[in-house]
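Residue-level structural notes
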Amino acid sequence: MKVIVFDAMGVLYRYGNVQGRVLIPYLRAQGCTAPEEEIRAAYRSVTLGRTTTDEFWPALGLTARDEHYCREHELTDGAREALDELAGDGFELACLSNDAAAWSAILRRRFGLDRRVRRWFISSDLGARKPDPAAYEAVLGELGVPAEQVLFVDDRPVNLAPARSLGMRAVLFRSDDTGISPEPGVGSMPELVAAVRAR
């Protein structure tokens, strides 16, 4: 293996269910009364790059507040240390995330991940969200390495399947939002580092 591609939400950051655990509670606290289905549609649009974050907030009755919203996210325990260890082992580190590019940039600067993870592939830039195979194909095309040299880490089994179908290796990272799955996985960053080294 040469490259490890991490999911962001639920792997590098604590919550995988961003809409249910972070975004919708934040919007409600800010006085947003839009129906949940409207919020979810707006989120999908902004994370596919069809609208910008500057358009997202007014569509839901709020002023633009990217920085304020991004304060609600938490880094997964041990994430920085794990990234440093794996980089020290010689792996190239990348991230494939269903997110808006503006929010992703704020978060990785805030937590110091932009200097640890070399390549960031964000759904709003790609125009495709996991588990759409197009997102994974775009990543492989940009990385320029054979799929079998890539390890993909995600907290949702549904997102691992397309990676495997393209020839990547895959590891399930069990976040608070993974749910019940018969698939074996790892439950912490130290376990992930050990699993990678065992391969």
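See the structure above.
Residues numbered from 1 in each chain as written. Predicted model: local features only at pLDDT ≥ 70, side-chain atom pairs only at ≥ 80, totals over all residues. Heavy atoms only, no water.

Details of the packing of helix α5 (residues 79-88) against helix α10 (residues 189-198)
Their axes nearest at 9 Å, the elements α5 and α10 cross at an angle of 15°. Put simply, α5 runs roughly parallel to α10. Between α5 and α10 lies a crossing of right-handed hand. Between α5 and α10, the residues in contact are Ala79, Ala82, Glu85 and Leu86 and Met189, Val193, Val196 and Arg197, respectively. Of the residues assigned to the contact of α5 with α10, the class counts are six nonpolar, no polar and two charged. (Axes fitted to C-alpha atoms, helices over the stretch in contact; angles between N-to-C directions. Helix = DSSP H or I, 4+ residues; strand = E, 2+ residues; numbered from the N terminus. Parallel < 35°, antiparallel > 145°, perpendicular 65-115°, else oblique. Left-handed = near helix turned anticlockwise from the far one by under 90°. Contact = heavy atoms within 4.5 Å. Nonpolar A, V, L, I, M, F, W, Y, C, P; charged D, E, K, R; others polar.)

Some details on helix α2 (residues 36-47)
With twelve residues, α2 extends 16 Å between its outermost C-alpha atoms, agreeing within 8% with the 16 Å of an ideal straight helix rising 1.5 Å per residue. Within α2, burial applies to Ile39, Ala42, Tyr43, Ser45, Val46 and Thr47. At its buried positions, α2 is contacted by α1 (18-29), α3 (53-59), α6 (101-110) and α7 (123-126). Phi for Gly49, located one or two positions after α2, is positive at around 80°. (Expected span 1.5 Å × (residues − 1). Buried < 20%, exposed > 50% of the residue type's maximum accessible area, 1.4 Å probe, protein only.)

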